[in-house]
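Descriptive structure summary
Here is how the chains run, residue by residue.
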Amino acid sequence: MNAAATTPAEENSQELAALCRMLTRASGFRLGFVVANHPSLRSRIARDCARTCGVRPRELTLDGRAPEGIVTQLEQAVGEDQPTALFVYGLESLLDLRLRQSPAMDLLNLNRDYCWQRFPWPVVFVAPLFAVREFARQAPDFWSGRTGVYRFTGDRDDIHETLAGLGIDYDWSLEASSKLERGEILDHVQAELAGRSDEDPEIRVELLSLLARAASFAHDWPREQQLLAQALPIYRHIGDRHGEANTIKTLGDVALQQDRYQEATEHYEQTLPIYRQSGDRRGEAYAIKALGDVALRQSRFQEATEHYEQALPIYRQSGDRRGEAYAIQALGDVALRQARYTQATEHYEQALPIYRHIGDRHSEANTIKTLGDVALQQSRYQEATEHYEQALRIYRQISARRGEAYAIQALGDVALRQARYAQATEHYEQALPIYRQIGARHSEANTIKALGDAARMQARYAQATEHYEQALRIYRQIGARRGEANTIKALGDVALRQNRYQEATEHYEQALPIYRQIGARHGEANVIQGLGDVALKQSRYDEAAGQYDQSLPVYRQIGDRLGEANAIKALGDVALAQARYAEAAKHYQQALPIYRQIGDRLGEANALVSRARLAIATGKRADAVSEMAEAIHIYTAIGLTKRAETLQSEVATWETTGAEMSDYSE
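My aim in this report is to walk through the structure given alongside it, one point at a time. (Residues numbered from 1 in each chain as written. Predicted model: local features only at pLDDT ≥ 70, side-chain atom pairs only at ≥ 80, totals over all residues. Heavy atoms only, no water.)

Okay, the overall build of the chain next. From N to C terminus, the chain includes 32 helices and five strands. By its C-alpha atoms, the chain is 105 × 60 × 40 Å across when sized along the principal axes. Counting across all 666 residues of the chain, residues that qualify as buried make up 56%. Accessible surface for the chain amounts to roughly 28300 Å². Of this, 47% is attributable to carbon and sulfur atoms. In the chain, 79 positive and 91 negative side-chain charges are present, and the distance between their average locations comes to 1 Å. (Helix = DSSP H or I, 4+ residues; strand = E, 2+ residues; numbered from the N terminus. Buried < 20%, exposed > 50% of the residue type's maximum accessible area, 1.4 Å probe, protein only. Areas by Shrake-Rupley, 256 points an atom, 1.4 Å probe, with all protein chains shown as cover. Lys, Arg positive; Asp, Glu negative; His and termini not counted. Charge placed at Lys NZ, Arg CZ, Asp CG, Glu CD.)

Structural data, given as structure tokens:
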């Protein structure tokens, strides 16, 4: 019979009668399965059996964390007793939906004949549908010997209690296997409710909201948006203003995840007055903080800071520690984007223990990853790598695909900064399909640009340009101004490498006002440095020195030691070109230890080449050979073998002809 012909109570009565017939007529081992998706329903079935047919089964709940398998746990439960039947709960705890075959099922498969002899009475597994389905798939020999499968449907109270239980701690920090398990149960509950004439709108909307959350965990944002759109009119119909506001805000979160900033802003602004009217201070803080997130994504740093600072005291007043940590971390994100690394670190280290205290593993991983970003920006590569690898493990444990891609890409960034170009490219190519799969366009563009950077650093300029132009189109489509400026500057870097100085200048001058408009001081300093490089290449030495003198204090102010070293070395190159040898030597001597302190081997090698050129110019050939040998060794070690070979050939030519070497610095 179908759901339209009978009520759930009538269906359950028929299934109970069939189960009782099996229990009362059984002689010897019998294997049965009761499909019940609701914990309250499962515990009631045994009592109903005792009431209906007088069979009082022994009840056992399996422990998925115990080292013993299913058979051993059954034996320990019954001992030498001879129960009339054994009802077994907790089968789902021994299954991991991420695995093709669970170890517990492998062990059970080896004990089929033994079970038939050891348990001469009915053994009934009472479990949600997905666990019964997995049993059938993973233990087919056992399944083939089943006596019956009995399906029970929950009533309104069962479903309401189940949904309430599924919603507890149903967030990103939940283990991946548990998220998959809850998602399966939600799908089964949805199937139970399909076609019911007695459907309760409050249950329906609660189910839709949880299904939307499951879709979010799977990065299925179109489905999440569809489910939320179905839930919204129901919340409005039943007059649940809080649910309405939360749904609108979550629709904004979906838009933000897909870099649809204007749409996200509209949702957040729509939800804010609802929270305020209902007196929901926590919801108000989340909406304000979300508007800050949009501003941060679009590099409107002052506006983002104002939102975060407005949200923080509200979180604290309402006792929302997670929200408090969110706001603190977000202030760190602003500081990081503005290259205020000390402040960024302070914020992250303030937020991290809060996340750990409340058990928010996803946010913990995000914070660890951002501490790696700070270390990377300051060229502390080993520390950055350790942070990224620690975050990556957590992201994978909780199946946070976007976070996983972030960490993989970040490991590529470390490799790129250390001139390990093949490894960098591998990381980027591993992250890119994840971003595309989950629809993260901003991150997709970042990764494409990073692939362009790797190609540029290896002098594959046509390929680099293709990547940059592809990334630039995406940045402009989604309104990511910082990404746009970064890519325009990168196109200028390609032009500079190919001695197309006018084109390089045009790109730098196009990027500079964007950086200034969004308050990106680090990007501004990089462009000024680039304009100095153009001037140096064209022998406009005073102009070059002026640009480097302008960028140097910015690098020092924001704590960018690599940028500082590059600017100092560049001032040395200007002095060398103008035959101010003592000044050049002073600059190189100042830059070289910075490169070594931060572990930038490429910068170290470039500085050694400059020192060798200085030694040539001052007639210190032995020193020049020594400096060059060390530089060639480093270039070879970091994989720049072509550059090493070219320099080796140049040294040989210099030793025979006395000719000056070309500039091979990066």
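Two numbers describe how helix α16 (residues 321–337) lies on helix α17 (residues 341–358): the axes approach to 8 Å, and their chain directions differ by 160 degrees. Between α16 and α17, the angle is such that the two are roughly antiparallel. Crossing handedness for the pair α16 and α17: left-handed. Along its contact with α16, which presents Arg321, Arg322, Glu324, Ala325, Tyr326, Ile328, Gln329, Leu331, Gly332, Asp333, Ala335 and Leu336, the element α17 presents Tyr341, Gln343, Ala344, His347, Tyr348, Gln350, Ala351, Ile354, Tyr355, His357 and Ile358. (Axes fitted to C-alpha atoms, helices over the stretch in contact; angles between N-to-C directions. Parallel < 35°, antiparallel > 145°, perpendicular 65-115°, else oblique. Left-handed = near helix turned anticlockwise from the far one by under 90°. Contact = heavy atoms within 4.5 Å.)

In the structure shown here, the tally under the stated rule is 47 salt bridges. Linking arginine 316 and glutamate 324 is a salt bridge whose minimum nitrogen-to-oxygen distance equals 3.2 Å. Given a relative accessible area of 12%, glutamate 324 falls into the buried group. Through salt bridges that share partners, Arg133, Glu134, Arg137 and Glu184 make up one connected network. (Salt bridge = Lys/Arg side-chain N within 4 Å of Asp/Glu carboxyl O.)

Another aspect to go through is empty space enclosed by the protein. Evaluated as defined, the whole model comprises one cavity of 30 Å³ or more. Of the pockets and cavities examined, the largest cavity occupies roughly 50 Å³. Looking at the largest cavity, the residues that line it are Phe29, Leu31, Leu74, Leu108, Cys115, Val123, Phe125, Phe135 and Phe142. The class makeup of the residues in the lining of the largest cavity is nine nonpolar, no polar and no charged. (1 Å grid on protein atoms, 1.4 Å probe; cavity = no way out; pocket = protein on both sides within 12 Å on 5 of 7 lines; lining within 4 Å. Points joined across faces, edges and corners; volume = space filled by probe spheres on them. Nonpolar A, V, L, I, M, F, W, Y, C, P; charged D, E, K, R; others polar.)

The subject of this paragraph is the packing of aromatic side chains. Under the counting rule described, the total for this entry stands at 13 aromatic pairs. Measuring from centroid to centroid gives 5.7 Å for tryptophan 116 and phenylalanine 142, while their planes differ by 50 degrees, and the two rings are tilted. Placement of the pair is tryptophan 116 in helix α5 (residues 112–118) and phenylalanine 142 in helix α7 (residues 140–144), with a sequence separation of 26 residues. The exposure class of phenylalanine 142 is buried, given its relative accessible area of 4%. With a centroid separation of 5.9 Å and an interplanar angle of 55 degrees, the aromatic rings of tyrosine 406 and tyrosine 435 are classed as tilted. Taken as a pair, tyrosine 406 in helix α20 (residues 401–417) and tyrosine 435 in helix α21 (residues 421–438) lie far apart in primary sequence, 29 residues in all. Accessibility expressed as a relative area gives 27% for tyrosine 406, which makes it partly exposed. For tyrosine 435, a relative accessible area of 0% gives the class buried. Each member of the aromatic cluster is reached from another via a ring pair, and the members are Phe29, Phe33, Trp116, Phe125, Phe135, Phe142 and Trp143. Of note, arginine 112 hangs over the ring of tryptophan 116, and the distance from its end group to the ring centre comes to 4.5 Å. Directly above the ring of tyrosine 406 sits lysine 369, whose terminal nitrogen or CZ lies 5.5 Å from the centroid. (Phe/Tyr/Trp six-rings, centres within 6.5 Å; stacked < 30°, edge-to-face > 60°. Lys NZ or Arg CZ within 6 Å of the ring centre and 35° of its normal.)

A few words now on helix α31 (residues 621–637). Compared with an ideal rise of 1.5 Å per residue, which puts 17 residues at 24 Å, α31 spans 24 Å between its outermost C-alpha atoms and is within 8% of the ideal. Residues Ala624, Glu627, Met628, Ala631, Ile632, Ile634 and Tyr635 constitute the buried set of α31. The buried residues of α31 occupy an angular sector of 160 degrees when projected down its axis, which confines them to one face. Projecting away from the buried face of α31 at angles above 90 degrees are the exposed residues Ala622, His633 and Ala637. (Expected span 1.5 Å × (residues − 1). Arc of directions from axis to C-beta.)

Here the focus is the pairing of strand β3 (residues 86–89). By the alternation rule, side chains of β3 split into Leu86 and Val88 and Phe87 and Tyr89, which are all buried. Of the strand pairs in this sheet, strand β2 (residues 58–61) and β3 are connected by four bridges, and their pairing is parallel. Its bridge partner being in β3, arginine 58 is matched across the sheet by leucine 86. (Pairing = 2+ DSSP bridges.)

Moving on, we come to the side chain of aspartate 158. Tracing the backbone through its elements, the reader meets aspartate 158 in helix α8 (residues 156–167). For aspartate 158, the residues in contact, after removing those within four places along its chain, are His38, Ser40, Leu41 and Arg44.

This part is about the sheet that holds β2. Strand order in the open sheet formed by five strands is β2-β3-β4-β1-β5, and the pairing between neighbours is parallel. In the strand order of this sheet, the two ends are held by β2 and β5 (146–151), each with one partner. Averaged over all pairs of adjacent strands, the angle between their axes in this sheet comes to 20 degrees, without regard to strand direction. Bridge analysis of β3 against strand β4 (residues 122–127) gives three bridges, and the strand direction is parallel. What sits directly across from phenylalanine 87, in β4, is valine 124. Relative to the sheet, helix α1 (residues 8–25) contacts β1 (30–35), β3, β4 and β5, its axis offset from that of β5 by approximately 160 degrees. Strand contacts of helix α6 (residues 129–138): β1, β4 and β5, with the helix running at about 145 degrees to β1, the strand carrying the most contacts.

We now examine the nonpolar core. Counting residues in each nonpolar core, the largest one holds 211 residues, and the members touching the most others are Ile70, Leu91, Phe119, Phe125, Phe135 and Leu186. Ranked by the residues each element gives to this core, the list is headed by helix α10 (residues 201–217), at 10 residues. Excluding its chain neighbours within four sequence positions, the residues that come into contact with leucine 186 are Leu163, Leu166, Tyr170, Leu207, Leu210, Leu211 and Ala214. Leu23, Ala46, Phe87 and Tyr89 belong to the second largest nonpolar core, which has 20 residues in total. (Core = buried A, V, L, I, M, F, W, Y, C linked by side-chain atoms within 4.5 Å.)

Let us now look at the packing of helix α27 (residues 541–558) against helix α28 (residues 561–577). With their axes 9 Å apart at the nearest point, α27 and α28 run at an angle of 160 degrees to one another. When the axes of α27 and α28 are compared, the pair comes out roughly antiparallel. α27 and α28 meet at a crossing whose hand is left-handed. Judged by residue contacts, Tyr541, Ala544, Ala545, Tyr548, Asp549, Ser551, Leu552, Tyr555 and Arg556 of α27 engage Gly563, Glu564, Ala567, Ile568, Ala570, Leu571, Val574 and Ala577 from α28. When its residues are assigned to classes, the contact of α27 with α28 shows 12 nonpolar, two polar and three charged.

The next point concerns the side chain of threonine 247. Relative to the helices and strands, threonine 247 is located in helix α12 (residues 241–257). For threonine 247, a relative accessible area of 3% gives the class buried. Discounting chain neighbours no more than four positions away, the residues touching threonine 247 are Leu228, Leu232 and Tyr235.

With a phi close to 65 degrees, serine 539 is a non-glycine residue in the positive phi region. Residue position: serine 539 is located in the loop between α26 (521–537) and α27. The partly exposed category is assigned to serine 539, whose relative accessible area is 44%.

The set of residues buried in helix α3 (residues 70–78) consists of Ile70, Val71, Gln73, Leu74 and Val78. Projected down its long axis, α3 carries its buried residues within an arc of 165 degrees, all on one side. For α3, the elements touching its buried residues are β2, β3, α4 (103–109), α5 and β4. Once α3 ends, the next one or two residues include glycine 79, with phi positive near 55 degrees.

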